[in-house]
Amino acid sequence: DTLASWTDHSDPGIKYYSGKAVYRTTFKLDHDPAGKPLAIEFGQVKDVGIAKVKLNGTDLGVVWRPPFRVDVTETVKLGENELEVMVVNSWHNRVMGDDALPENKRFTRTNIRVTKKGKFQWKLEESGLLGPVRIKTHTRKVVASMLALLNGWAAEPATGRQATTDLASSFTNPPDAAKPWVFW
């Protein structure tokens, strides 16, 4: 399996799903990054854009906005690593799916209507972890500067995003390559 929007799935139970889903995969780190800080970037997380991340059983917190990045320097290890990402979406797509069902088969009970005069007014929102998922080196100084700006602290002016190095070539099985994600 590959990462794709739940709305692309042929099964209506997944296409119109509302709630949380857990993605699990393993990857092997064959190369020591020589003390460079490492982060996992998740690419696109839709529709709400909230994901809880665990690596090797350690809770790394929640990512909620682009670039959907979490520092893994202290958690990633040489050899096998287990990554778990829980993604949450809204009930937007579920309400759309329910609109086409008889009332006694609906999952939601609401006065919200997604059609007007028989025509859909809403569109399905992409949902799930869409990727690409990559492990990259990063500069902690940039993260510290962004946090300082968010908290209103005096900080040196941002000079733009510093370059990152994609370490995918250092993995025998990076998260976005051959080994499939398990969707629950």
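Since we're looking at a predicted model, the values are computed, not measured. (Residues numbered from 1 in each chain as written. Predicted model: local features only at pLDDT ≥ 70, side-chain atom pairs only at ≥ 80, totals over all residues. Heavy atoms only, no water.)

A.B. asks: Whenever I open this one, the confidence of the model for the protein chain confuses me. Can you help?
C.D. replies: Regions with low pLDDT carry predicted coordinates that are not meant to be interpreted in detail. On average, residues of the protein chain carry a pLDDT of 77, and 71% of them reach 70 or more. Predicted confidence in the protein chain is weakest over strand β12 (residues 182-183), with a mean pLDDT of 39, and strongest over strand β4 (residues 50-55), with 96. For the stretch residues 142-184, pLDDT sits under 50, and the model shows 73 contacts to residues farther than four places along the chain or on other chains. (pLDDT = per-residue confidence, 0-100. Helix = DSSP H or I, 4+ residues; strand = E, 2+ residues; numbered from the N terminus. Contact = heavy atoms within 4.5 Å.)

A.B. asks: What is the right way to look at the packing of aromatic side chains in this model?
C.D. replies: Within a pair of aromatic rings, the relevant descriptors are the distance that separates the centres and the angle that separates the planes. The final tally for this structure, using the stated rule, is one aromatic pair. Ring centres 5.5 Å apart and planes at 70° place the aromatic pair Trp6 and Tyr17 in the edge-to-face group. Of this pair, Trp6 sits in the segment before α1 (12-15) while Tyr17 sits in the loop between α1 and β1 (20-29); the two residues are 11 residues apart in sequence, bridging distant segments of the chain. A relative accessible area of 3% places Trp6 in the buried class. For the cation-ring pair, Arg65 lies above Trp64, with the distance from its terminal atom to the ring centre recorded as 5.9 Å. (Phe/Tyr/Trp six-rings, centres within 6.5 Å; stacked < 30°, edge-to-face > 60°. Buried < 20%, exposed > 50% of the residue type's maximum accessible area, 1.4 Å probe, protein only. Lys NZ or Arg CZ within 6 Å of the ring centre and 35° of its normal.)

A.B. asks: Explain the pattern of salt bridges to me, please; I cannot follow it from the model alone.
C.D. replies: Oppositely charged side chains are able to pair whenever their charged atoms sit close together. Enumeration according to the criterion identifies five salt bridges in this entry. Across the pair Glu41 and Arg69 runs a salt bridge whose closest N-O atoms are separated by 2.9 Å. Linking Glu41 in strand β2 (residues 38-41) with Arg69 in strand β6 (residues 69-71), this pair joins segments that are 28 residues apart in sequence. The class for Glu41 is buried, based on a relative accessible area of 10%. Note that Arg94 is salt-bridged to Asp98, the shortest N-O span being 2.9 Å. Residue Arg94 and its partner Asp98 are located together in helix α2 (residues 92-99), separated by four residues, close to a single helical turn. The same class applies to Arg94 as to Asp98, namely buried. Within the structure, one salt-bridge network assembled from shared partners comprises Glu41, Arg69 and Lys136. (Salt bridge = Lys/Arg side-chain N within 4 Å of Asp/Glu carboxyl O.)

A.B. asks: Explain the sheet that holds β2 to me, please; I cannot follow it from the model alone.
C.D. replies: Hydrogen bonds between backbone atoms are what pair the strands of a sheet, whose relative direction is either parallel or antiparallel. Spatially, the three strands line up as an open sheet ordered β6-β2-β11, and their pairing is antiparallel. Looking at which strands have only one partner, the edges of the open sheet turn out to be β6 and β11 (134-137). Between one strand axis and the next, the sheet turns through 30° on average, direction left out of account. In the sheet, β2 pairs with β11 via four bridges, with the strands oriented antiparallel. Bridging across to β11, Ile40 finds its partner in Ile135. (Pairing = 2+ DSSP bridges. Axes fitted to C-alpha atoms, helices over the stretch in contact; angles between N-to-C directions.)

A.B. asks: Please explain unusual backbone geometry as it appears in this structure.
C.D. replies: The omega torsion of the bond from Lys46 to Asp47 falls at -10°, within 30 degrees of zero and hence cis. Among the secondary structure elements, Asp47 is positioned in the loop between β3 (44-46) and β4. Residue Pro67 follows Pro66 across a cis peptide bond; omega there is 15°. In this fold, Pro67 is placed in the loop between β5 (58-63) and β6. Its identity is not glycine, yet Asn56 carries a phi of approximately 55°, on the positive side. Assignment of secondary structure puts Asn56 in the loop between β4 and β5. Located in the positive-phi region is Phe68, a residue other than glycine, with phi close to 45°. Topologically, Phe68 is positioned in the loop between β5 and β6.

A.B. asks: Is there a simple way to explain a nonpolar patch on the surface in this structure?
C.D. replies: Where nonpolar side chains cluster on the molecular surface, the patch consists of Val48, Ile50, Val62 and Trp64 and spans about 380 Å² of accessible area. Turning to its location among the elements, Trp64 is positioned in the loop between β5 and β6. (Patch = residues over 30% accessible without salt bridge, like charges linked within 9 Å, V, L, I, M, F, W, Y side chains within 5 Å. Areas by Shrake-Rupley, 256 points an atom, 1.4 Å probe, with all protein chains shown as cover.)

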